[in-house]
Amino acid sequence: MADTNDDLLTRTSWCNARHAQKEIKRGRAHGNKAALWLRVRIQSCLFQIGCSVHLHYGKVLIMGMLILACLVVGLKFAVVETNVEKLWVEVGGRLEKELEYTTQTLGVGEGSTNQILIQTPVQKGSNILTQESLAIHLQSALVATLIEIDMYGLTWTFEDVCFKATLPSYEDPFLSSMLEHILPCMFITPLDCFWDGAKLLGPKTPVYIPGGKSLKWTDLDPLALVDELKEEINYLTDFDSLVEVLTDAGINHGYQTKPCLNPEDPECPDKAPNKLTGQVPNIGEELTGGCAGFAGKYMEWPEELIVGGVQKNGSGYIESGEALQTIVQLRGEQNMYQEWKSQLKVSEIDWTQDKAKAILEEWQRKFTEAVAEHNSNLSRHNVLGFTDTALNDLLDEFSQTSIPRVAAGYVIMLIYACITMMKFCDGVQSQGGVGLGGVILVALSVVAGLAVCAMIGIQFNASTTQVLPFLALGIGVDDMFLLSHSSSSLPPNIPVAHQTGEILRRSGVSVLLTSLNNMCAFFIAAIIPIPALRQLSLQFAIIVVFNFIAVIFVFPAILALDIERREAKRIDLFCCFTSSSANRVIDVEPRDLIDSPQLGRFTRYRQDPRTQVTLQSTVQAVTQMPSRPGDHCVTIVDSSLPFTTVGRAETPPTPLSRTMTPQSTVSSASSTRPLTGLENEDEGPSLRHQCATVKFWNWTFASFAKTYYGPFLQKMPVKICVLIFFTGLLGVSVFGITQMKDGLDITDIVPKGTEEYEFLDSQMNYFSFYNMYGVTQEDYDYPNGQKLLHEYHDAFREVDEVIRTSDGELPMFWLQYFRDWLLDLQDAFDGDWAAGAITEEGWFTNATESGVLAYKLIIQTGDTVNPIDKTQVHSVRLVNGEGIVYPRAFYNYLTIWWNYDTLSTAASQAQLHPEPHAYIIPEDELLIPKSQAMNFTQLPFYLNNLRDTEDFIDVIKSVRNISSFFNSRGLPTYPRGIPFTFWEQYISLRFYLMLTLLSVFGACFLVNMIILANPWAALIEVFMLVMMTVELFGFMGLIGIKLSAIPAVTLIFSVGTGVEFTLHIILGFITSIGDRNRRMCMALEHMFAPVLDGALSTLLGVVMLSGSEFEFIVRYFFYVFSALIFIGILNGVVLLPVLLSLIGPPAEVQPINNADRLSTPTPDPTPPLDRGLPMHSMRRHRYADSGSDLSSEGYHHRHHVYPTSHQHIEIHPPEFVVETLTCHTPPREKLKRMSRRQRSRRSRKQPRLPEPRLPHQLSSSSTPSSSPHSSPSIPRHVTTVTATARVSIVHQGACGVDKGEPGHSFKSHRRRDDMFGLKNPALQEHSVHCEPGSDTSV
């Protein structure tokens, strides 16, 4: 059935593209045939979907909700990834390959972990280098040594988990046991410059030696101890080698020769330089240049690592400082597992590396708690503790979705959707329930989409948990609002069964187009090799798919349910109640015929009683003729004037009644009254009528756009101002982009005011210190490539941020330690050779242990066939004059160095792999096994003064250039460390962001160009998306947000959000008919409300982010999302309409005469009606043009009155009367001269059509030129169209009355107005009451 509503003629391709095609084929219009051809097929498919859903809306709704609810279970498979290496490292890139190589080679959890203490004064800028401050620092560090935890039924102390250096193994068990217990845990602390640092080293349990003396580092003099042991236990032979090891490592007199912070301390040793003087040491002078640990040769702590915020005098000595730092080193999980796996302590708990990791993490948590408790007792200093686990816990907390916050946001969206779709003056037409159901459905589809992502293995991250729940819901709600607004604006002549299909036919194309844009854009964006961006793009695309399915297939079931509710006149949200207007009827009151014995004479004249109901509806249009040449005629139908609908029921006189009925009775047999008027005029207007007349309750976004906003934007000065404003806004945004820096400060993701924030802020300000390693790989000839390794190490002198030692040199690396150890052995050998203690054949008893070891090394050939050659003592040196270790026996030497010089191997941080196996040479053994060829080594460096992202990027580029240079020379190497893992992403972040945005923009252009078959419209759409992205980018730069991966993701999301703000309006523009200004206004009229509703609902949900304790969430999500919504509204409903009115694409359909609408189609002829259709046979007859079901009420048996099958209804063809009146004086002027009482009497006498509102009266202007008296000579034509429909109810003696109860009446069942084909919305349901054998009157 052809749609005759106004939209069909003015927005043809939007309502029904097939009708537009027909008009073009008939030659009445021309347009974009390709777009219409595709649109017809899409609309046809959507219409079929809608009709099918309407037919089974209950099943569809229940099954759809059940399926989505079942999918939600998949969330249990969700994995939230917080590892930066797995989130922001380019897939397939060099950094990922390097990290993968490191993990495969060394395993997971290698190395050590650091616990950090930072002490600062409460008063900023105060000098912390005082005796009191260091004493507090010592007490804070001692807190760590007292921590114990209970896990797996065991108690774990600090000494169980701390990292310790090792000494060579000795054959004597007493000596090995003593050294094992006396070697301390590793501390990097400014206290090592003083004797007081020994208090941290313990041991907690004293070690006793012969003589009953206990050993503690506070009174331990290692060299003096060895001398005492040699006298007490003279049978041991390992003392000389032990003394040599201690001396080489710098463990001479321990802490006994260092100054005491408090010389009056009873335990302060006599060897302390200030013991006798009693003077407090100059702390700044002692800290200048750094401090040394208990092994002074290998444990040198740079000044920058232990004291911060320093001020130096002209001599270079520290005068003051603002911060102190101590690092407590724990074992790594791998080292922890290896250390304890063979110990009796863990033999009964199924010891694994995961358990070792759990113990370390729990100990670190206890550490931060203990330091925080200790700090709470301090008043003048802040002592802050931080661990790797604390950082990971913060990242985990940041990545977790705040269920209360999300729930509150969704509840606010629910309330807004319900309120904005309610009509408080019309409970039947209100759609608050649709809003509630729509938001719940979209929220369920978002959760189901995320659950599917979890089930297919797409990991979640902070962006997933903080961004998607709100933006995805906002985009889905936009589509829901669009369909809901279409549902409420359908013309009344559409059959009920087709209304859902018509909704999808009209608005489903827009939903399909926006969804396809987002799906294609984000699936294409998934090609970006950054895991976090790829995961987020895939998740967003999948959620869009679920939103689309829910909105197109399930939400129409909610609309169908609402349509049925409205048809049944049930109140919104209270469906158990029926509206009072649903029972409005025409009562035809019966009157008995005269009971006369002469009745029988007129039997042959009797006709069947007949009741006739007549319904009329009239519409007026006013046409004003042009007042000046060149003007156009203006025709206006004033929608604010009420339609006049008149109903009349009458019973025509029969011969019998003409004969026997008095004249007065005949005259009263018919009556006329307005059907939509007040039921009781004396009672005055109803509350509902009064509410409807209040402008506030009738105000809508659509009426505002049509009446005020659209005409306002049509004015050329307004357009110029808009263009100037947005040009300036674009310039400001570009400036903001230039101000935006890269990076993400770790302090941004920590709540302000917490100890974690204070620690990270202090560390960034005072100790911007990072480890870095240069890694060498396999497939390299280390024995013959030593010179290139030294050159590689020396190349780091070019990096200014690398910390030097106190003598200005780079830190030593493993090959240098290895070479120096061999040089010491060579010196010992040369001395023994010169003394004759060693010869070619062997050695004598007077040879030193080092000389003998050197002899054994020199005779190694490295050949598996002839491994020993004693003649080499004459020609081979362990290290030649150029500092190169003898290449042929390189791996033999490496085995001995790794096992004998354990302190230097630990200090070198070499991480040699494969690690040389443990080996101690028997006294009479000459053959030394070779180590395996190495595939991993590393060179340690320390970086300092890295505060801004630019500093990190500069260092990364410098180091990468060094690595690239030596890779080209054959040394496979790469850098490793936190700066590269966290900050290297910024080198390529802007490139990948631009690549992603270009991919998304390109996908949007292609989708729009194909679906719309309109490159111009697609280009305007992409231009608007670029504008919004640039403006949002500039806004972030102006408020100080730094570009990291999360803002990059937000920029990508802005494209998807921008599509919702713009594409609906563009589609409304190209599907309207008229010039650009008219089509712009029509697009705003239909799309203004759903666009704003979707934006405001999303904004209300995002508002909940403002209450987050994380400032990062407030700045990076709430501020940015709010700006995104504001920018989207500003561009979508301000700039875009202006651009469309100036350079918009042509309409898809254009009438031949360039009119503002298509010509009104000729109505189809009225089909012949089946007269005499029995009443009972019509109970389930459904008319094709109405969709009404006559069986909804059925017959009512009241007072023993019963209908029979001899009663039928005759429906007469409708009649149309068109009258045209030309007038020069406005009809309302006459009314003004009439008194109120005269007008009231006139209205009671007869129903009167509303006076026409002339064009000059529609103007809001009050100038004299607009008054009715100013132009009385301008002719005006008033056209009145009256539609009349008649229905006759023929009673063939079929209505009977129980004679035992005279006077009881029968009332027929109600009929819907659309049963008679009357589609005027002003008509209400009526019922006719009749009684057989009686006359009827109204």
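Only a predicted model underlies this, so the values are computations on that prediction, with no experimental measurement involved.

Calculation notes
Numbers given to residues run from 1 along each chain, matching the order in which its sequence is written. Whole-chain, interface and lining totals are the exception, using all residues; otherwise, since this is a predicted model, local features are given only for residues with pLDDT of at least 70 and side-chain atom pairs are given and counted only at 80 or more. Side-chain descriptors were evaluated using all non-hydrogen atoms of the structure, hydrogens and water having been removed beforehand. Here, the term nonpolar core denotes a set of buried Ala, Val, Leu, Ile, Met, Phe, Trp, Tyr and Cys residues that are joined through side-chain atoms within 4.5 Å. Each residue gets one of three labels from its accessible area relative to the maximum for its type: buried under 20%, exposed over 50%, partly exposed in between, using a 1.4 Å probe on protein chains only. Only DSSP runs of H or I covering at least 4 residues are called helices, and only runs of E covering at least 2 are called strands; the numbering of each starts at the N terminus. A contact between two residues is defined here by any heavy atoms of the two lying within 4.5 Å. What goes into a patch is any residue over 30% in relative accessible area without a salt bridge, connected to like charges within 9 Å or, for nonpolar side chains (Val, Leu, Ile, Met, Phe, Trp, Tyr), within 5 Å. Accessible surface area values rest on a Shrake-Rupley calculation with a 1.4 Å probe, where residue burial reflects the displayed protein chains alone. For salt bridges, the criterion is a side-chain nitrogen of Lys or Arg within 4 Å of an Asp or Glu carboxyl oxygen. Should DSSP find at least two bridges between two strands, the strands are taken to pair. Counting rule for disulfides: a pair of cysteine sulfur atoms within 2.5 Å. Only four residue types enter the charge count, namely Lys and Arg as positive and Asp and Glu as negative; His and the chain termini do not. The aromatic pairing rule takes the rings of Phe, Tyr and Trp, using the six-membered ring of Trp, and pairs them if the centres are within 6.5 Å, calling planes under 30 degrees apart stacked, those over 60 edge-to-face and the rest tilted. Lysine and arginine charges are scored as sitting over a ring when NZ or CZ, respectively, is within 6 Å of the ring centre and within 35 degrees of the ring normal. The angle between two axes is taken between their N-to-C directions and runs from 0 to 180 degrees, where each axis is a line fitted to C-alpha atoms and a helix contributes only its stretch in contact. Note on terminology: angles under 35 degrees are roughly parallel, angles over 145 are roughly antiparallel, angles of 65 to 115 are roughly perpendicular, and the others are oblique. By convention the crossing between two helices is left-handed if the near helix lies anticlockwise of the far one by an angle smaller than a right angle, and right-handed if it lies clockwise. Polar here means any residue outside two lists: the nonpolar Ala, Val, Leu, Ile, Met, Phe, Trp, Tyr, Cys and Pro, and the charged Asp, Glu, Lys and Arg; Gly therefore counts as polar.

Peer 1: Lay out the nonpolar core with the relevant residues and their values.
Peer 2: Within the largest apolar cluster, 327 residues are counted, with the highest numbers of intra-cluster contacts made by Trp156, Phe294, Trp814, Phe818, Leu822 and Tyr893. Counting residues per element, this core draws most heavily on helix 42 (residues 1111-1143), which supplies 21 residues. Setting aside residues up to four positions removed in sequence, tryptophan 156 forms contacts with Ile147, Glu148, Ile149, Met151, Met336, Trp340, Lys345, Val346, Trp351, Ile359 and Trp363. Core analysis: the next-biggest nonpolar cluster, separate from the first, contains 10 residues, Leu9, Leu36, Ile1073 and Leu1158 among them.

Peer 1: Can you explain a nonpolar patch on the surface? Please cite residues and give values.
Peer 2: The grouping of Met716, Ile720, Ile724, Trp1016, Leu1142 and Ile1143 at the surface amounts to a nonpolar patch, some 550 Å² of accessible area in total. Broken down by secondary-structure element, the contributors of at least two residues to the nonpolar patch are helix 29 (716-739) and helix 42. Per element, the largest residue contribution to the nonpolar patch is three residues, and it comes from helix 29. Classification of isoleucine 724 as exposed rests on a relative accessible area of 57%.

Peer 1: Please set out the pairing of strand 13 (residues 323-331) residue by residue, giving values where relevant.
Peer 2: As a general feature of sheets, a regular strand has side chains that alternate between the two faces. For strand 13, the buried fraction is high: nine of the nine residues fall into the buried class. Judged from the eight bridges that link them, strand 2 (residues 112-121) and strand 13 form a sheet pairing that is antiparallel. Its bridge partner lying in strand 13, asparagine 114 is registered against glutamine 329. Relative to strand 13, strand 5 (residues 187-188) runs antiparallel, the two sharing two bridges. Among the inter-strand pairings, isoleucine 188 is bridged to a residue of strand 13, identified as isoleucine 327.

Peer 1: Before we move on, could you go through the state of the cysteines and cite the residues and values that matter?
Peer 2: The final tally for this structure, using the stated rule, is three disulfides. Linked covalently through their sulfurs, cysteine 162 and cysteine 185 form a disulfide whose S-S length is 1.8 Å. The chirality of the disulfide connecting cysteine 162 with cysteine 185 is left-handed, given an S-S dihedral of about -55°. Residue cysteine 162 is found in the loop between helix 9 (158-161) and helix 10 (173-182), and its partner cysteine 185 is found in the loop between helix 10 and strand 5; the two are separated by 23 residues along the sequence. Note on accessibility: cysteine 162 and cysteine 185 belong to one class, buried. The partner cysteine of cysteine 193 in its disulfide is cysteine 291, sulfur to sulfur 1.5 Å. Negative torsions about the S-S bond denote left-handed disulfides, and the value of about -100° found for cysteine 193 with cysteine 291 makes this one left-handed.

Peer 1: Give a description of the side chain of aspartate 478 that names residues and reports values.
Peer 2: Mapped onto the elements of the fold, aspartate 478 is located in helix 21 (residues 468-488). Despite being buried, aspartate 478 has no salt bridge partner; arginine 11 is the closest side chain of opposite charge, sitting 16 Å away. Residues in contact with aspartate 478, not counting those within four places in the same chain, are Glu1060, Gly1094 and Ala1095.

Peer 1: Before we move on, could you go through helix 34 (residues 890-900) and cite the residues and values that matter?
Peer 2: Across the 11 residues that make up helix 34, a large majority, 10, are buried. Among all positions in helix 34, only Phe890, Tyr891, Asn892, Tyr893, Leu894, Thr895, Ile896, Trp897, Trp898 and Asn899 are buried.

Peer 1: Now, about unusual backbone geometry: what can you tell me, with residues and values included?
Peer 2: Note the cis peptide between glycine 202 and proline 203, where omega equals 0°. In this fold, proline 203 is placed in the loop between strand 5 and strand 6 (207-209). Note the cis peptide between histidine 913 and proline 914, where omega equals -5°. A positive phi is found at lysine 569, a non-glycine position, where the angle reads about 60°. Inspection of the secondary structure assignment puts lysine 569 in the loop between helix 23 (531-567) and strand 15 (570-571). One non-glycine residue, alanine 1013, lies in the positive phi region at around 50°. Take alanine 1013: it is sitting in the loop between helix 38 (985-1012) and helix 39 (1015-1038).

Peer 1: Summarise the packing of aromatic side chains; cite the residues concerned and give the values.
Peer 2: The final tally for this structure, using the stated rule, is 45 aromatic pairs. For the ring pair phenylalanine 704 and tyrosine 708, a centre distance of 6.2 Å and an interplane angle of 35° mean the geometry is tilted. Of this pair, phenylalanine 704 and tyrosine 708 both sit in helix 28 (residues 701-714), separated by four residues, roughly a single helical turn. Judged by its relative accessible area of 27%, phenylalanine 704 falls in the partly exposed class. Ring geometry for phenylalanine 965 versus phenylalanine 966: centroids 5.2 Å apart, planes at 85°, classification edge-to-face. Its relative accessible area of 4% is what places phenylalanine 966 among the buried residues. In this structure an aromatic cluster arises from ring pairing among Tyr780, Tyr782, Phe813, Trp814, Phe818, Phe890, Tyr891, Trp897 and Trp898. Over the ring of tyrosine 255 we find lysine 258; its NZ or CZ atom is 4.1 Å from the centre of that ring. Positioned over the ring face of phenylalanine 47 is arginine 505, at 4.4 Å from the centre of the ring.

Peer 1: Could you give an account of the packing of helix 19 (residues 432-455) against helix 21, with specific residues and numbers?
Peer 2: Taken N-terminus to C-terminus, the directions of helix 19 and helix 21 make an angle of 140°; their axes are 9 Å apart at the nearest point. Here helix 21 runs oblique to helix 19, going by the angle between their axes. Once helix 19 is placed against helix 21, the crossing between them reads as right-handed. From helix 19, Val434, Gly435, Gly438, Val439, Val442, Ala443, Val446 and Leu450 reach across to helix 21, where they touch Leu468, Ala472, Leu473, Gly476, Val477, Met480 and Ser484. Looking at the contact of helix 19 with helix 21 residue by residue, the classes come out as 11 nonpolar, four polar and no charged.

Peer 1: Tell me about the pattern of salt bridges, and please be specific about residues and values.
Peer 2: Counted according to the given criterion, the structure contains 26 salt bridges. Glutamate 110 is paired through a salt bridge with arginine 976; the nearest N and O atoms lie 2.2 Å apart. Of this pair, glutamate 110 sits in the loop between helix 7 (94-106) and strand 2 while arginine 976 sits in strand 24 (residues 973-976), placing them 866 residues apart in sequence. Looking at arginine 976, the relative accessible area reads 16%, which means it is buried. Between arginine 506 and glutamate 502 there is a salt bridge, with its nearest N and O atoms 3.1 Å apart. On the criterion of helical spacing, the pair formed by arginine 506 and glutamate 502 is a turn pair, its members being four residues apart in helix 22 (residues 496-525). Per residue, the accessibility class of arginine 506 equals that of glutamate 502, and both read buried. Here the salt bridges share partners, and the residues they tie into one network are Asp7, Glu502, Arg505 and Arg506.

No statement about biological role is implied by the geometric values presented.
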